[in-house]
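For reference, the chains in residue letters:
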Amino acid sequence: MTRSCMLESAMVTREQPLSVGALRSAVERGLPRYPTVKDELRTNLIAKLQSGEPLFPGIIGYDDTVVPQLINALLSKHNFILLGLRGQAKTRILRSLVGLLDPAIPVVPGCEIHDDPLAPICSACGARAAAEGDDLPVAWLTREERYVEKLATPDVTIADMLGDIDPIKAARSGLQLGDDLTMHYGLLPRANRGIFAINELPDLAGKIQVGLFNILQEGDVQIKGYPVRLRLDVMMAFTANPEDYTARGKIITPLKDRIGSEIRTHYAATRHQAMAITAQEAWTNRPSPAGAVQVPPYVREVVEEIAFQARAERRIDKRSGVSQRLPITAIENVASNAERRAIINTEVPVAGMVDVHAALPSITGKFELEYEGELRGADNLARDLIRAAVANVFIGYFENADVRSVVEWFDGGGSLQLDDSGPSARLLEDARQVPGLLDLVPTAGVDRKAPAPARASAVTFILEGLYATKKISRSDDRGYHAVETAAPRRPRAAAEPSFEDVPQVPGGKKKYYN
């Protein structure tokens, strides 16, 4: 039986020891004890690898890239940093480390730094242990309470992070300021025997970064210049944007040197991986008076492809990235618009292309624009992204489909005006006037006998796909018609006289006219 399993069994099958004497006896019977929290993480990680348990549930697309590097860092007992753009699950990975901790550990009750009852490091706990002996009470700290996270901001102070001298405590106790009993501990000492995570590390002021040196290298903390040292036991993990984590950025190089492993994260490599992430995170399975909202696969693909198109778009800033939150919030808005339309028309909610366009407000705020993008405008650029996404997905479904009859009908002068908020039955009735349009519905993966909302959704996908691939045209009010032919070129104007042709005046000088 592994140590983690033994501890789990100890926590479940018998009472936790509530005194130092009982704890010492439990340790002698096999209750696991680890030299450091990094040893604990390493041991439990090995146990999970041996049993085949999932290490980081909910993390998708990193099995062959990020996860092996993270496992190596933990096996090496390294402090590490995750480098990646926004929306790459960095914080989620850090929080999932809690699952590698033991269910609970013994601590001295009331101690701010969660001292070990069998090996206290602070003076107050040492004095209590000497005075009370085996009768010293023992409390149990859960794994969730052993994770401390801090978002780095420029206003964070040394006192917030490490601690400070409390003169009032010193005065009341009659102690010297240099006595460790006068200390008010910051976040880092309070994370003792646990995991301390700092998000956006380069945003910490330089002097705060310097304050982390001793923790990373020697494992001790010094407070306020007094010779007070605490041998803390902390696993430290960080996140940062790669742009800031350079000598030109806001990180000091000696701190970089002390971080054991540097792990690069990335966006999902394939559309289907990204769709799995979005399906996991988005709130689309919701209670509604209209019934469960159905989001067809092609709609999910289009929403996901928008993010892929945005990441490749030159008018969008690559340094800030395009978060995975874009398709997550977009698909939620798509579902909401389909739900709203279904409630109004008293029908089953099925998402379609009109709902993707209605999700524009959840797209425009998810990227930073370059100069050319600013000129184009966020709304117009988002519409361009939607059109490109629809084209890519449509080609995947209809590459070998025969759409000539539909295109020829529009080329022959036909036009189709769709109502964005009208009932599905009316949309299908309008679509019947286009020869062959309804026959293409099965190619989108929708059965011919499917309910009207599902077939109507497929019709909108077909029409938007033809528009996106430039086979037909569409007006802003969703009126579909033939592609406009290019206007005939105007005849070239007669060549204007050049300055060389102006009349000459006596003396060889040219005569110019205002």
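In the block above lies the structure referred to throughout.
Parameters and conventions
- Residues numbered from 1 in each chain as written.
- Predicted model: local features only at pLDDT ≥ 70, side-chain atom pairs only at ≥ 80, totals over all residues.
- Heavy atoms only, no water.
- Helix = DSSP H or I, 4+ residues; strand = E, 2+ residues; numbered from the N terminus.
- Buried < 20%, exposed > 50% of the residue type's maximum accessible area, 1.4 Å probe, protein only.
- Contact = heavy atoms within 4.5 Å.
- Areas by Shrake-Rupley, 256 points an atom, 1.4 Å probe, with all protein chains shown as cover.
- Axes fitted to C-alpha atoms, helices over the stretch in contact; angles between N-to-C directions.
- Parallel < 35°, antiparallel > 145°, perpendicular 65-115°, else oblique.
- Nonpolar A, V, L, I, M, F, W, Y, C, P; charged D, E, K, R; others polar.
- Left-handed = near helix turned anticlockwise from the far one by under 90°.
- Salt bridge = Lys/Arg side-chain N within 4 Å of Asp/Glu carboxyl O.
- Pairing = 2+ DSSP bridges.
- Phe/Tyr/Trp six-rings, centres within 6.5 Å; stacked < 30°, edge-to-face > 60°.
- Expected span 1.5 Å × (residues − 1).

1. Things to note about the overall build of the chain
Working step 1: Counting its regular elements, the chain contains 21 helices and 16 strands.
Working step 2: Within the chain, the proportion of its 514 residues that are buried is 47%.
Working step 3: Restricting the contact set of the chain to residue pairs at least 6 apart, pairs at least 24 apart contribute 73%.
Working step 4: In the structure as shown, the chain presents an accessible area of about 25500 Å², 50% of it carried by carbon and sulfur atoms.

2. Re the packing of helix H14 (residues 297–312) against helix H21 (residues 452–468)
Working step 1: Relative orientation of the contacting elements H14 and H21 amounts to 40 degrees, with a least axis distance of 10 Å. Judged by the angle between their axes, H14 and H21 are oblique. For the pair H14 and H21, contact is made by Tyr298, Val299 and Val302 and by Ala454, Ser457, Ala458 and Phe461, respectively.
Working step 2: Residue composition of the contact of H14 with H21, grouped by class: six nonpolar, one polar and no charged.

3. Overview of the packing of H14 against helix H15 (residues 325–345)
Working step 1: Orientation of H14 relative to H15, taken along the N-to-C sense of each, is 145 degrees, at an axis distance of 9 Å. For the element pair H14 and H15, the recorded crossing hand is right-handed. Contacts between H14 and H15 involve Val299, Arg300, Val303, Glu304, Ile306 and Ala307 from the former and Leu326, Pro327, Ala330, Ile331 and Val334 from the latter.
Working step 2: The class makeup of the residues in the contact of H14 with H15 is nine nonpolar, no polar and two charged.

4. Details of helix H2 (residues 20–28)
Working step 1: Among the residues of H2, those classed as buried are Val20, Gly21, Leu23 and Ala26.
Working step 2: Those residues of H2 hidden inside the fold are in contact with strand S2 (104–107) and strand S3 (139–142).
Working step 3: Backbone geometry just downstream of H2 places glycine 30 in the positive-phi region, at approximately 125 degrees.

5. Some words on unusual backbone geometry
Working step 1: Unusually for a residue other than glycine, lysine 77 sits at a positive phi of about 60 degrees.
Working step 2: Topologically, lysine 77 is positioned in the loop between helix H4 (66–75) and strand S1 (80–83).
Working step 3: Look at threonine 346: it is not a glycine, yet its phi comes out positive at around 55 degrees.

6. Section: the pattern of salt bridges
Working step 1: This model, assessed by the stated rule, comprises 27 salt bridges.
Working step 2: Here arginine 271 ties to glutamate 305 by a salt bridge, and the two come within 3.1 Å at their closest N and O atoms. Pair noted here: arginine 271 is in helix H13 (residues 271–281) and glutamate 305 is in helix H14, with a separation of 34 residues, a long-range link.
Working step 3: Here arginine 271 falls in the partly exposed class, since its relative accessible area comes to 22%.
Working step 4: Judged by relative accessible area, glutamate 305 falls into the buried class, the value being 7%.
Working step 5: Residue arginine 448 pairs with aspartate 439 through a salt bridge whose shortest N-O separation is 3.6 Å.
Working step 6: Arginine 448 sits in the exposed class, given a relative accessible area of 52%.
Working step 7: Within the structure, one salt-bridge network assembled from shared partners comprises Glu313, Arg315, Arg376 and Asp384.

7. Looking at the sheet that holds S1
Working step 1: In spatial order, the strands read S4-S7-S10-S1-S11; together these five strands make up an open sheet with parallel pairing. In this open sheet, the two edge strands, each paired with only one partner strand, are strand S4 (147–151) and strand S11 (261–264). Across the sheet, the mean angle from the axis of one strand to that of its neighbour is 20 degrees, orientation sign disregarded.
Working step 2: Alignment of S1 against strand S10 (residues 234–240), held across four bridges, turns out to be parallel. Note on S10: the bridge partner recorded for leucine 83 is alanine 240.
Working step 3: Sheet strands in contact with H4 are S1, S10 and S11, and its direction is about 165 degrees off that of S11.

8. Some thoughts on the packing of aromatic side chains
Working step 1: Summed over the entire model, instances satisfying the criterion amount to seven aromatic pairs.
Working step 2: Each ring, one from tyrosine 298 and one from tyrosine 397, has its centre 6.3 Å from the other, and the planes form 90 degrees; the classification is edge-to-face. With a gap of 99 residues between them, tyrosine 298 in helix H14 and tyrosine 397 in helix H18 (residues 378–398) connect regions that are remote in the sequence.
Working step 3: Residue classification places tyrosine 298 among the buried positions, given a relative accessible area of 1%.
Working step 4: You can call tyrosine 397 partly exposed: its relative accessible area is 24%.

9. Here's the deal with H14
Working step 1: With 16 residues, H14 should reach 22 Å at 1.5 Å per residue; the first-to-last C-alpha distance of 23 Å fits that figure.
Working step 2: The set of residues buried in H14 consists of Tyr298, Val299, Glu301, Val302, Val303, Glu304, Glu305, Ile306, Ala307, Gln309, Ala310 and Arg311.
Working step 3: Structurally, H14 contributes buried residues whose contacts are with H13, H15, helix H16 (353–358), H18 and H21.

10. Concerning the sheet that holds strand S14 (residues 479–481)
Working step 1: The sheet built from three strands is open, its strands ordered S12-S14-S13 with antiparallel pairing. Two strands lie at the open edges of the sheet, namely strand S12 (416–417) and strand S13 (473–474), each paired on one side alone.
Working step 2: Here S13 runs beside S14; their pairing, made up of two bridges, is antiparallel. Within the sheet, the bridge partner assigned to serine 473 lies in S14 and is histidine 481.

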